[in-house]
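# Structural overview for review
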Amino acid sequence: MNAPERSAAFLLDDEEEKVEYQADTKVSNAGTFTFNKEDHTIANLLRMQLLRDPQVKFAGYMHPHPLVHKIHLKIQTTTSQVAPAETLSAAIEDLSNETDHLITQVTDAIDKWKRENDTGLMGM
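Conventions adopted
- Residues numbered from 1 in each chain as written.
- Predicted model: local features only at pLDDT ≥ 70, side-chain atom pairs only at ≥ 80, totals over all residues.
- Heavy atoms only, no water.
- UniProt positions renumbered as here; feature names shortened; annotations may be inferred.
- Helix = DSSP H or I, 4+ residues; strand = E, 2+ residues; numbered from the N terminus.
- Rg over C-alpha atoms; globule rule 2.2 N^0.38 Å.
- Buried < 20%, exposed > 50% of the residue type's maximum accessible area, 1.4 Å probe, protein only.
- Contact = heavy atoms within 4.5 Å.
- Lys, Arg positive; Asp, Glu negative; His and termini not counted.
- Charge placed at Lys NZ, Arg CZ, Asp CG, Glu CD.
- Axes fitted to C-alpha atoms, helices over the stretch in contact; angles between N-to-C directions.
- Parallel < 35°, antiparallel > 145°, perpendicular 65-115°, else oblique.
- Core = buried A, V, L, I, M, F, W, Y, C linked by side-chain atoms within 4.5 Å.
- Patch = residues over 30% accessible without salt bridge, like charges linked within 9 Å, V, L, I, M, F, W, Y side chains within 5 Å.
- Areas by Shrake-Rupley, 256 points an atom, 1.4 Å probe, with all protein chains shown as cover.
- Salt bridge = Lys/Arg side-chain N within 4 Å of Asp/Glu carboxyl O.

The chain appears in an unreviewed UniProt entry as DNA-directed RNA polymerase RBP11-like dimerisation domain-containing protein from Cyclotella cryptica. The annotation that UniProt attaches to the chain under Subcellular location (unreviewed entry) is "Nucleus".

Structure representation (structure tokens):
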């Protein structure tokens, strides 16, 4: 068959880096991160989190082609005091904290539901 291996969409090649950074030469306080083997899911999540940060002036991403598993995420900060890499790191940390909080809430809600509805199998 003339189809690429499914694992090519998410497994890095031997010499491939997960994230690459290229500083923008035309726009100050800006740079482009290239995420290899990623798609719209992570890119849109990062973009939305970055836009919540008041130190971020612009955040956008581009998926060059559906068969190319790369995302280009461009970030511009408001001042030269804050680097794009710092804002990306903060966004990832915030998303991690939100995920931990969500997992805790779901686990607590499931435990509460089990306590309130624990009639056992024989109670049916």
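Here the narrative resumes, following the displayed structure.
With that settled, the discussion passes to the overall build of the chain. Looking only at helices and strands, one finds 2 helices and 4 strands in the chain. For the chain, the α and β elements follow one another from N to C terminus as β-β-α-β-β-α. Taken over the C-alpha trace, the chain has a radius of gyration of 20 Å; the compact-globule value for 124 residues is 14 Å, which it surpasses by more than 25%. Dimensions along the principal axes, computed over C-alpha positions, put the chain at roughly 70 × 50 × 20 Å. Within the span of the chain, comprising 124 residues, buried residues form 21% of the whole. Contacts spanning at least 24 positions in sequence make up 50% of the contacts within the chain whose residues lie at least 6 apart. Positive and negative charge centroids in the chain, built from 12 and 20 side chains respectively, lie 7 Å apart.

One way to put it is that helix α1 (residues 40-51) packs onto helix α2 (residues 84-116) with a least axis distance of 9 Å and a crossing angle of 105°. Of the possible angle classes, the one that applies to α1 and α2 is roughly perpendicular. Of the residues in α2, those touching α1 at Leu-45, Leu-46, Gln-49 and Leu-50 are Thr-87, Leu-88, Ala-91, Ile-92, Asp-94, Leu-95 and Glu-98.

With that out of the way, let us pick up the nonpolar core. Within the largest apolar cluster, 13 residues are counted, with the highest numbers of intra-cluster contacts made by Phe-33, Phe-35, Leu-46, Leu-50, Leu-73, Ile-75 and Leu-88. Apart from residues no more than four positions distant in its own chain, Phe-35 is found in contact with Lys-18, Val-19, Leu-46, His-69, Lys-70, Ile-71, Leu-73 and Leu-88.

Taken together, the side chains of Asp-13, Asp-14, Glu-15, Glu-17 and Glu-20 present a region of like negative charge at the surface. The topology assignment puts Asp-14 in the segment before β1 (19-23).

Right, let's talk about the UniProt feature "domain: DNA-directed RNA polymerase RBP11-like dimerisation" (unreviewed entry) in the chain for a bit. This chain's UniProt record puts "domain: DNA-directed RNA polymerase RBP11-like dimerisation" (unreviewed entry) on residues 32-104. Structurally, residues 32-104 is divided into 45% helix and 27% strand, and its ends, taken at the C-alpha atoms, are 34 Å apart.

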